Each structure stands twice: as C-alpha cells, then as structure tokens.
Amino acid sequence: MRLTIRRRAGRRAALLAVGAMTAGLLLTAPQQATAGPPNLLSNPGFETAGPAGADMPSCWSKSGWGDNDFTFATVAEAHTGTKAMKVSLTRRVDGDRKALVTENSTCAPTVTPGKQYDLSAWYKSNTPDVSVTVFRRDTTAGWQYWTDLQNPPVSAAWARTEVRTPAVPPNTDKIAWGLSVYGVGTLTTDDYTLEEVGAAPPQPVCSGTAEECAKGKWEVIPAKNPVRSMHAVVLRNGKVLLIAGSGNDIAQFNAGTFTSAVYNPANGTFKTVPTPVDMFCAGHVQLADGRVLVMSGNKGYPSADGTIGYQGLKDSYVFDPATESYTKTNDMNGGHWYPSATVLGNGDVISFGGLKEDSTGNVTAEKFSAAQNKWLPMNEVNQTWSYWGLYPSMILMQDGRLFYSGSHTFGNGTPGTGASIYNYDANTITDVPGLRNKDQRDESASVLLPPAQDQRVLTIGGGNNETNPAANRITDIIDLKKPSPGYTAGPDLPQGLVDTGTGKRPQTGAEGKMYVSAVLLPDGKVLETGGGLHDRADPVFEASFFDPTTNTYQPGLATDPIPRTYHSASFLMPDGRVMSVGDNPGNGTYNHNVSIYTPPYLFKGARPQITSVIDTQWVYGDTQRITVNRPVAKAELIRPAAVTHSSDPNQRFVDLPMTVNGNNIDLNVTSNPNLAPPGWYMLFAVDANGIPSIATWVHLGGPSALAATQEQPSAHEHSFADKLGPAKQNPAKRDSVPVAPSVAGCDRHYGTANVCVPTRFPAEVKDTSKARCDWLASHQYPKRLKVNGSDPLRLDPDRDGYAC
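Because the structure is a prediction, the values reported are computed rather than measured.

## Topic: the overall build of the protein
Within the protein, the secondary structure is distributed over four helices and 58 strands. In terms of overall dimensions, the protein is globule-like: its C-alpha atoms have a radius of gyration of 27 Å, near the 28 Å expected for 804 residues. For the protein, the spread of C-alpha atoms along the three principal axes comes to 100 × 60 × 50 Å. Counting over 804 residues, the protein shows a buried share of 63%. When contacts within the protein are restricted to residue pairs at least 6 apart in sequence, those whose partners lie at least 24 apart make up 65%. When the accessible surface of the protein is totalled, it reaches about 27700 Å², and 53% of it is carbon and sulfur.

Below is the structure:
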C-alpha cells in the first residue's frame, strides 16, 4: 500500500478561451495582484562562477538524496546568456537530485511572513518526474522542507514554469528552491526568478453586526431533523445523508424500524429514505464515484443482565446519491460495530476494529476493492490480528501508510503509546510517542490539518466513558514529515460554559470536553465546536478556531445554542457554512434541532466567484484553469464530510498551487493520490481576507489512481517518517479479543439499553445513593429505572427492584 504514482506527461490538451461574459468581468474586476521586479535571486542564470575550486555556479548547490546515479553539469545550451544547469539521473531506486539556491544568508532571498511569491524558471526535460521544490528557514528550527508546488510537463524545447507560493508561514525569513528530478531522465534549467506579489488586498468591510463579524452567527433552522441521525455524509450533489438506523432506540430496533433522511439545503427540506438494516453505529466512506459505502451496524442491543453487549453486523451497502437508495454489497468477513473506514490512494477502502456478532472485539482488517466493487476474502487482506478499538481514527499518509492518531470511542487507548503508524505492505505497526493522556482520548477528534501536504495531525480533547473523569482540554500535534515523528503539546482548548444540570457555569481548571466536532474550513482554519464534560452528559457551550499557521486558538466564537454531545455531528457545506445535528444524552432522548453556523468570513463583504471551470473531471498531476471575478490568494480541494462520533479520518484540505495570469488561474493538481484519494471534492477559491467562494464540485481521479501495485517515482521529503523505532510484534492469529459488555458506557444493571446510567459517576458526585440519584434526576433520567439483577451502584436502597 506504499503507493506512489507517475503524473501524466504534459498538461491538459487545451485550456479553452474565456467567453465574452468573462471578458466583460475582466474589464470591471479589481486589479489582480501581480508579481514584479526586482528578481530576488542572485545569479539566476548561472552566469557567475562559484569561488575557486567550486564545481557549482555562485549561489547554487548540489542537493538531493536517495539511492541513484546522477550528474550535475554547467552547460552552454542556455535559454539566455551562455550557461544553463543540466541534472541527469541514469539509475534510480529512490530519491531525487536538484540544483538548489544555496541555503545561506547571502544567496537565499529574504521573504516576509504572510506574503506570497511567484517562482519561475525556464527548462527542458525528457521526464515527467520533475517538481518545483521549496525549502524555508524557520528562525528557530533552521532550514526545512516546505512544499512541492508543481509538476512541469515534459518539454523538448525551452518552456517556462511559473507557480505562486502559499502565504509564507510565520517565523520564516528565507526561502530556497529548485527543480527536482525524481525519475530517470534529464532536466536542463535556466533563468530563475523569485518576485514578491504586490497589490495589497482591499480591507474587508463588515456586512453584519460587529459581533457577527468577530464571532460568526448560529441559527436554528425551522425544519426538524426527522430521524435520530448518528451519521452525516455530505453528498456530491450538496445534499446531506443522515443515517439513524434504529437511532439508539431499542424499541425501534425491536419493531424493525430503521431510518435515514436526505437534507436538501437548497430548499431546507428533509426526505426520509427506506433503510434496509440497523445502520446504527456503522462505518461509512465516500467511494471514488461519489456513492457512499456503509459497512456493518447493529445486529443486536445488549442484554438487560449485561452478559452480552452490542453485536456487529456483517452487512454492507452502498448509497447512491442519484437514486437516493441503498444497494447491498457482499458481506464483510465479520461484524464490525463501530468500524473505522479509510479510503486509500487507489480508491480501495480499509477498515479496522469494532465489535463482532458475539460482542467480542474484531481483530481482522477488511478491505473493499474499488476495482471489484466488493469486500475481499480475509486471506487476500494483510492481517496483524490487532484490536484497534472502536472507531479508531486511521488517517492516510502521503506514502500510503496509515497513521492511527489515538482518537477512538469508548474506554482506553491501544496498548503502548496510544498512537502508531501502520505499514500495510510490510504489515507492521510502529508506535509513535508523545500522545498525552492516551487513555483519556475517548471521543476526541483528530484532523489532518490544512493543507494535507504539510502532513500534520491535531487531536482535540477527550475523556473515558469507563472511568468517567471530567473531559480534558488537551490538544496534541504531530508532524508526520519528520524522520522520527512524535506528538508535541498543543495549546489548551479554550473553555466555555458547561451545564451540569443546575444551569450554565464557566468551566474551570482542566475542564475540557469530549464528543468534539472539528471541521476544516476553506480559509484554512479548523472550527471546533460542541462537546460535553462527561460521558453522555453535561454539554459544553464553546467554539473556537484553530489556526494551523500559528498553532493557536481563537476563542470566544458564537456558540451553538443547542447541546451537541453524544451522537452529534458538525460538517462543512458547499456554501462555506457549517451544519450541526444531533444530541443523544444518557437519558435516552434525542435533539432533532438543526443548527447552521455562518463563520465570520461570510460577514466580511462580497465573496469571490469562480466564474468558469473548464473541466470538472480532473486527473492527478494535471493543470486545470479556472477564472475568478477578482483576486484570490489560494484555492483548495476539500473532501466532503462523512462523520460520526467525532470521527472523520478522510476529512482533508488539499492545497492547489496557483499560476496566476490576471483573472485566469492555472491550478496545479497533486500527482499523489495518497494526498487526495480519488473522488468528488469541493473546490474553493479564497481571497486574501479569507473570504471563500461558493464551492464548485470537481471529480479527481484517472487511471493512475487505480494502479495499486504499480510502483512509480514520487517527489517527497526524503526524511518522511523514515526513522521510526522498532515495529511491534504482531499477535498470533486469533478470532477476537474479549471486550466488556459495558463498552458503550452504560451499566446494564439499570434501565434499558438506550438509557445509559454511567458505569462511574463524575468525581464531584459523592459515593452515596442520594447523591447519585440526585445527579440522575438533574440530568432528566427516568424517575424509576428497573434494576436488572444486582445493584452495584447502590441505587435501590429499599430493594423494590427500581433505582431511585
């Protein structure tokens, strides 16, 4: 699965002319920010020789890595002047070679954080395996790889490549760059330029109240969610699939009543959809063609006496947005109640964890073949016989490995450090260090931070439904590009108001939240919202933005007026707003209100518009032209949400480096399907004030995405997680692992399956019958809960068979 892909040779065959209406827009649109002189590079055409004895021109260095045979030569076949640089690879196992601007204070140009720069060079090449590679100097950490921006096509004659950098990150004072060759072939380059983009953007004008412009705005829509949705999927047509199954309601299960609904944001209506099985606590993921694969679900609720817990289904279905109906696939090899679901770079889906049909923990991996449209037999899937838990957050890395972030649902983390990298091809699991409180990451959230090219993951909050402490406010960040990646402490989660049953009060001390929702926004920030202080109780009213460029939170945003704890979800809509649904506290109720959040960027004035997209069918390594009505600073693809239980491991924001020519912008599409797995994406254009366009839907794919076994070159930082510690020893082959029937956080000695008396009460609740009963009453539990067998929590002092 360590998949790398060759980009297509050449650009799209044609970039079509812009129509008359667009031409009219160009005449009236504000002036596009442009780069201009001076060229900030020294010796851009290799004309000045290096010091005596040097074998490279002044201010240029040989650079590269890996097992390959190569030559560097200063040659006379120049674009202008008398000299050019030729780099050849004649044998390659891995790695690249490049002439790079020398990384020192004399040669590397000074840059300004927040600014953008246009890079260009003239080149000739006979290989498609070329990339524009940029390094930056962090004022604290020193020189480091920044990004690959573009894959110039093969060209026998001199051609010019040009691309605009993202905004320079904070604490960066210098950059260096060059064209990398990472496949067998020859590249000749000349006449490099690096120019600062000028024309400061106009200041935003607040179009709402001062509070809306600073904090955003929530509103509860008139229509109610008709189903007790546990799962939310944004479909390729902009509608939202909401899956309930039995909705955590045993009466609905016993009646065989399983439901889903489709929400249409265009008119604010819901349509209920026949649902064939109990998809309550299933897994789901978007397939490359836009259908939704839904796997497993609930075969049975726990028994009243606690001897058996939830039971997983083998069943699997696909939901088609065109027909709004489910179609059965073949079965999985076993049940997986609460499975992971991660789409791979070739379009396959891999799944781990969950509970089997007998309520034991499932230790087998399952793989859905995109080419065969079916789940593969167990003997065709690599197996480590490891139990990853429930909804383990498995995030696809840029080289095809999987990062288990430590976020999961229910109980403790995995043995060891609680976070690890899984190499499917080698079938090895290697722990990574640094995740704090790894056994209190129940219902935490993990996201691959924008942009996906940076390979950084943030985990947020969490708790533990078994010990039931107050949820924490810990955040941890890991940079998977480092040779030996490990989590480092992030900033504490901002605090808000918590309702513990006696009204809202400010959070204090280390109080945080579990059931967090984390949503990637088109301006590159992460909205965190919702959550509760304890298992299925005590909602927290707080929301903030996390900024990946500064690793800081912006606290004090407007808060969702509706509690959003267990079985809630928040997700990005194509118009740039965020929708929130659900809340299923321990007393068995469900909140059917739907909230919509309008972020502050939509109160900053008119939005930019994508007025033309030449082609909505995109191929890896392509160049795609769009037209905008005014200047934009960046463009990106955001994968539509498929979220449940704080978990959406496929959520990602993929940067599209730009080549800007007035209002025509050429977008450079990644050549690596592991960064952007095949499927439908929302394309946003965002101006310098962070205001996004309405999304245009584009499909990313192509034959290269299906080349699962074709090992081809790919440009990436050579130290990318390649110095991990020793791999764990995989367990021997086994059928399952035992899991306590109370895995879902309920003490089955009381009430019914969907009325969840906690196995341990919060620490502030005294260990007495009265204090516990008072807590249950304040949280709206039924006044009389049947005692099933013994009374371990001493809730039935008069022994009449009912608690409290």
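## Section: the pairing of strand β9 (residues 172–181)
Judged by how many residues are buried, β9 sits mostly within the fold: nine of ten residues are covered. Across two bridges, the pairing between strand β4 (residues 96–101) and β9 is antiparallel. When the sheet's bridge partners are listed, Lys98 is paired in β9 with Ser180. Alignment of strand β6 (residues 130–138) against β9, held across nine bridges, turns out to be antiparallel.

## Looking at the nonpolar core
The biggest cluster of nonpolar side chains holds 53 residues, and the ones touching the most others in it are Leu527, Phe571 and Met579. Per-element tally for this core: the top contributor is strand β54 (residues 679–686), with four residues. Not counting the four nearest positions on each side in its chain, Met579 is found in contact with Val240, Tyr263, Ala569, Ser570, Phe571, Met573, Val594, Ser595 and Ile596. Core analysis: the next-biggest nonpolar cluster, separate from the first, contains 37 residues, Leu448, Tyr620, Leu656 and Leu700 among them.

## Focus on the pairing of strand β16 (residues 283–286)
Going residue by residue along β16, you find Gly283 and Val285 tucked away on one face and His284 and Gln286 tucked away on the opposite face as well. Here β16 runs beside strand β17 (residues 292–295); their pairing, made up of four bridges, is antiparallel. Within β17, the position partnered with Val285 by the bridge is Leu293. Once β16 ends, the chain turns through five residues before running back antiparallel as β17, passing Gly290 with a positive phi of about 95°.

## With respect to the state of the cysteines
Tallied over the full model, the rule gives four disulfides. Between the sulfur atoms of Cys59 and its disulfide partner Cys107 the distance amounts to 2.1 Å. With the S-S bond torsion at -75°, the cross-link from Cys59 to Cys107 turns out left-handed. Separated by 48 residues along the polypeptide, Cys59 in the loop between α1 (20–28) and β1 (60–65) and Cys107 in the loop between β4 and β5 (117–125) bring together distant segments of the chain. The exposure classification of Cys59 matches that of Cys107, with both residues buried. Disulfide pairing places Cys773 opposite Cys804 at an S-S distance of 2.0 Å. Disulfide Cys773-Cys804: torsion about the S-S bond near -85°, hence left-handed. Taken together, the positions of Cys773 in helix α4 (residues 769–778) and Cys804 in the segment after β58 (802–803) put the pair 31 residues apart, joining distant regions of the chain.

## What about the sheet that holds strand β49 (residues 634–638)?
On the basis of which strands lie adjacent, the open sheet formed by five strands has the order β47-β55-β54-β49-β51 and mixed pairing. Edge positions in the sheet fall to β47 (617–619) and β51 (653–655), since each has one partner strand and no second. Each adjacent strand pair in this sheet contributes to an overall mean axis angle of 40°, direction not counted. As paired elements, β49 and β54 share five bridges and run antiparallel to each other. Across the sheet, Ala635 pairs through a bridge with Ala685, a residue of β54.

## Thoughts on the environment of Lys634
Secondary-structure assignment places Lys634 in strand β49. Residue Lys634 is classed as partly exposed on the basis of its relative accessible area of 27%. For the pair formed by Lys634 and Gln383, sequence separation is 251 residues and the distance between their alpha carbons is 41 Å. Setting aside residues no more than four positions away along its own chain, Lys634 makes contact with Pro522, Asp523, Gly524, Met658, Phe684, Ala685 and Val686. Within the structure, Lys634 has its side chain in polar contact with the backbone oxygen of Asp523 (distance 2.9 Å).

## Digging into the pattern of salt bridges
All told, the structure shown has 34 salt bridges when counted by the stated rule. Each of Asp67, Asp69 and Arg91 takes part in salt bridges that share partners, so that together they form one network.

## Brief notes about the layout of surface pockets
What the second largest pocket holds in volume is close to 540 Å³. In terms of lining residues, the second largest pocket is bounded by 26 residues, among which Tyr387, Gly389, Gly413, Thr414 and Pro415 are the most central. Of the residues that constitute the lining of the second largest pocket, the class distribution is twelve nonpolar, eleven polar and three charged.

## Remarks on the sheet that holds strand β20 (residues 316–320)
What the four strands build is an open sheet, ordered β16-β17-β20-β21; its pairing is antiparallel. Edge positions in the sheet fall to β16 and β21 (325–328), since each has one partner strand and no second. With direction set aside, neighbouring strand axes in the sheet form an average angle of 25°. Relative to β21, β20 runs antiparallel, the two sharing four bridges. Its bridge partner lying in β21, Phe319 is registered against Tyr326.

## Side note on the packing of aromatic side chains
Counted by the stated rule, this structure contains 31 aromatic pairs. Each ring, one from Phe403 and one from Tyr487, has its centre 6.0 Å from the other, and the planes form 45°; the classification is tilted. Residue Phe403 is found in strand β28 (residues 402–404), and its partner Tyr487 is found in strand β34 (residues 487–489); the two are separated by 84 residues along the sequence. Taken as a pair, Phe403 and Tyr487 share a single burial class, namely buried.

## Overview of the side chain of Arg625
Following the sequence through the fold, Arg625 ends up in strand β48 (residues 623–628). Judged by its relative accessible area of 18%, Arg625 is buried. For Arg625, the side chain forms a polar contact with the side chain of Asp666, separated by 2.8 Å.

## Examining α4
Those residues of α4 not exposed but buried are Ala771, Arg772, Cys773, Trp775 and Leu776. In this fold, the buried residues of α4 make contact with β40 (537–541). Phi turns positive one or two residues past the end of α4, at Gln780, with a value near 65°.

## Quick word on unusual backbone geometry
In this structure, the amide linkage connecting Pro450 to the following residue, Pro451, adopts the cis form with an omega of -15°. Structurally, Pro451 is set in the loop between β31 (445–448) and β32 (456–462). One non-glycine residue, Cys804, lies in positive phi territory at about 55°. Looking at Cys804, the relative accessible area reads 46%, which means it is partly exposed.

## What about the confidence of the model for the protein?
Scored by pLDDT, the protein comes out at a mean of 92, with 94% of its residues at no less than 70. Note on residues 1–31: pLDDT is under 50 here. Beyond four places in sequence and across chains, it has 82 contacts. Across residues 707–711 the pLDDT falls below 50, and counting only partners more than four positions away or on other chains, this stretch makes eight contacts in the model.

Reading the values: rules and limits
Residues numbered from 1 in each chain as written. Predicted model: local features only at pLDDT ≥ 70, side-chain atom pairs only at ≥ 80, totals over all residues. Heavy atoms only, no water. Helix = DSSP H or I, 4+ residues; strand = E, 2+ residues; numbered from the N terminus. Rg over C-alpha atoms; globule rule 2.2 N^0.38 Å. Buried < 20%, exposed > 50% of the residue type's maximum accessible area, 1.4 Å probe, protein only. Contact = heavy atoms within 4.5 Å. Areas by Shrake-Rupley, 256 points an atom, 1.4 Å probe, with all protein chains shown as cover. Pairing = 2+ DSSP bridges. Core = buried A, V, L, I, M, F, W, Y, C linked by side-chain atoms within 4.5 Å. Disulfide = S-S within 2.5 Å. Axes fitted to C-alpha atoms, helices over the stretch in contact; angles between N-to-C directions. Polar contact = N/O pair within 3.5 Å; in protein donor to acceptor, adjacent residues only side chain to side chain. Salt bridge = Lys/Arg side-chain N within 4 Å of Asp/Glu carboxyl O. 1 Å grid on protein atoms, 1.4 Å probe; cavity = no way out; pocket = protein on both sides within 12 Å on 5 of 7 lines; lining within 4 Å. Points joined across faces, edges and corners; volume = space filled by probe spheres on them. Nonpolar A, V, L, I, M, F, W, Y, C, P; charged D, E, K, R; others polar. Phe/Tyr/Trp six-rings, centres within 6.5 Å; stacked < 30°, edge-to-face > 60°. pLDDT = per-residue confidence, 0-100.

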